[in-house]
Each structure stands twice: as structure tokens, then as C-alpha cells.
Amino acid sequence: MATVLKDVVVRRPVAATLRLTVPAGGARPGPPVAPVLGQYRLNLMAFCKDFNARTQKYKPDTPIAVTLTAYKDNTFEFIVKSPPVSWFLKKAAGIESGSGRPGHVSVSTISLRHVYEIAKIKQADPTTKHLSIEAICKTIIATANSMGLEVVKDL
């Protein structure tokens, strides 16, 4: 039995683990994707087609985090994550950038409802699947405070 499982699970040697931020539906065989994938001799068009197919549910130009595992046999796997919390907070508050002096200058306010909606989206990410919705909300509130956003109960 153990030899059968050993034959099924074959570990491939990993060349690199890459982290990229690519606009949703905007992976093209050019910068910023091509230089990173090209140095590991990965199939650029296969990545672009697969990434664009996986991210078609998002609005164009939404920044999507990608964790790509490149193997030494020039193959790859990648995990698509949801947009960063800071992007969601900027959209919810209607601002372009956070405060230059967080804690001293408040740029805008968001409600707890916004925080909860962002937490529900982020809960689907592989890195936050094990966390409770309350813990995710606390991290989002901390990020909002570090951006100079004020979190209020109701707007």
C-alpha cells in the first residue's frame, strides 16, 4: 500500500516561487509578466490565457495577487488570490491613496458593513481560510487605521 501511494505522489523539484500582482484580465506577454516568467523559461502564453480565464469575473484593472510555483521541468502552477485589502478599502472610501500621517490625519471614513463585506470576500483566500470572520475583520480594521481611515459603526 505504501509503495502505491509513493508512486502516485511524486515531488517535482521547485525552481522558484514567484509572487506577482497582475491586473485582472490584463495578463499580456509583456511587462510585468514576461520578464519574471521568461527567466525561468515558462510558457508565457499558457499563463496569460489561463490567468485571464480565471480572472474574468473581476472588473478590468483590478489588482490580483498571484503565487506562481515554477518547476525545474519548465512547468508551473499558480494560485489566484483576491485583490489586496488596501485596494478594497480605497474603493469603499472613494479615495486614491491613504493618509501621509495615519493616526494624525483622517482621510475618510468607512462603516463596519464595508469591513464585513471585505472580510467575506477575503475569507475565500487560501491564506485566510482557517481564520474566523471576526479575526479577518480585526486585521481589516487595523489596515484601515494604518491607511488613515476611520472605521465607524454606521455612516
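As the structure is a prediction and not an experimental result, all values here were calculated from the model.

Peer 1: Teacher, can you tell me more about the overall build of the protein here?
Peer 2: Regarding its fold elements, the protein presents 6 helices and 5 strands. Going from N to C terminus, the protein has its helices and strands arranged as α-β-α-α-β-β-α-β-α-α-β. By the compact-globule yardstick of 15 Å for 155 residues, the protein is too spread out, its C-alpha radius of gyration being 19 Å. Across its three principal axes, the protein shows a C-alpha extent of roughly 60 × 45 × 30 Å. Counting the 155 residues in the protein, one finds 34% classified as buried. In the protein, 64% of the contacts between residues at least 6 apart in sequence involve partners at least 24 apart.

Peer 1: Would you take a moment to explain the environment of S132 for this structure?
Peer 2: Relative to the helices and strands, S132 is located in the loop between α5 (112-122) and α6 (133-147). In sequence terms S132 and T21 are 111 residues apart; their C-alpha atoms lie 26 Å from each other.

Peer 1: Help me out: how do you make sense of the UniProt feature "domain: Large ribosomal subunit protein uL11 C-terminal" (unreviewed entry) in the protein in this one?
Peer 2: Mapped onto the present numbering, the UniProt feature "domain: Large ribosomal subunit protein uL11 C-terminal" (unreviewed entry) falls at residues 81-151. When the span residues 81-151 is considered, its composition is 49% helix and 10% strand, and the gap between its end C-alpha atoms is 25 Å.

Peer 1: I keep staring at the environment of F76 and nothing clicks. Help me out?
Peer 2: Here F76 is to be found in strand β3 (residues 76-80). As for F76 and N43, which are separated by 33 residues in sequence, their C-alpha atoms are 8.5 Å apart. Each residue touching F76, except ones within four places of it in the same chain, is listed here: L42, N43, A46, F47, L68, T69, A70 and Y71.

Peer 1: It is not clear to me how the packing of aromatic side chains should be interpreted in this structure. Could you clarify?
Peer 2: The way to describe two aromatic rings as a pair is by their centre distance and the angle between their planes. Counted according to the given criterion, the structure contains 5 aromatic pairs. Residues F47 and F51 carry aromatic rings whose centres are separated by 5.7 Å and whose planes lie at 20° to one another, so their mutual orientation is stacked. Separated by 4 residues within a single helix, F47 and F51 lie in helix α3 (residues 44-54), roughly one turn from each other. Under the relative-accessibility criterion, F47 is labelled buried at 0%. Considering the side-chain rings of F47 and F78, the 5.0 Å spacing of their centres and the 65° angle between planes classify their relative orientation as edge-to-face. Of this pair, F47 sits in helix α3 while F78 sits in strand β3, placing them 31 residues apart in sequence. Pairwise contacts between aromatic rings join F47, F51, F76 and F78 into one cluster. Between the NZ or CZ atom of R12 and the centre of the ring of Y71, over which it lies, the distance is 3.9 Å. Against the face of F78 rests R54, its NZ or CZ located 4.1 Å from the ring centre.

Peer 1: Would you mind showing me how to read α5 here?
Peer 2: A turn of α-helix holds 3.6 residues, and therefore any two residues three or four places apart point the same way. Along α5, the residues that are buried comprise V115, I118, A119 and K122. Summarising the axial view, the buried residues of α5 lie within an arc of 105°, below the 170-degree limit, and thus occupy one face. Structurally, α5 contributes buried residues whose contacts are with α4 (85-93), β4 (108-111), α6 and β5 (149-152).

What counts as what
Residue positions within a chain follow its written sequence, with the count starting from 1. For this predicted model, a pLDDT threshold of at least 70 governs which residues receive local features, and a threshold of 80 or more governs which side-chain atom pairs are given and counted, while totals over whole chains, interfaces and linings are taken from all residues. The basis for the side-chain values is all heavy atoms of the structure; hydrogens and waters are excluded. In this description a helix means any DSSP run of H or I spanning at least four residues, a strand means any run of E spanning at least two, and both kinds are numbered starting from the N terminus. In this description the radius of gyration comes from C-alpha coordinates, and the expected globular size is given by 2.2 Å times residues to the power 0.38. Burial classes follow relative accessibility: with a 1.4 Å probe on protein chains only, a residue under 20% of its type's maximum area counts as buried, one over 50% as exposed, and anything between as partly exposed. Any two residues having at least one pair of non-hydrogen atoms within 4.5 Å are treated as being in contact. UniProt positions are given in the numbering used here, feature names are shortened, and annotations may be inferred rather than shown by experiment. Planes of paired rings set the category: under 30 degrees apart is stacked, over 60 is edge-to-face and the rest tilted, where pairs are Phe, Tyr or Trp rings (Trp by its six-membered ring) whose centres lie within 6.5 Å. Any Lys NZ or Arg CZ that is within 6 Å of a ring centre and within 35 degrees of that ring's normal is treated as a charge sitting over the ring. Picture the helix axis, draw a direction to every C-beta atom, and the arc is the one those directions span.

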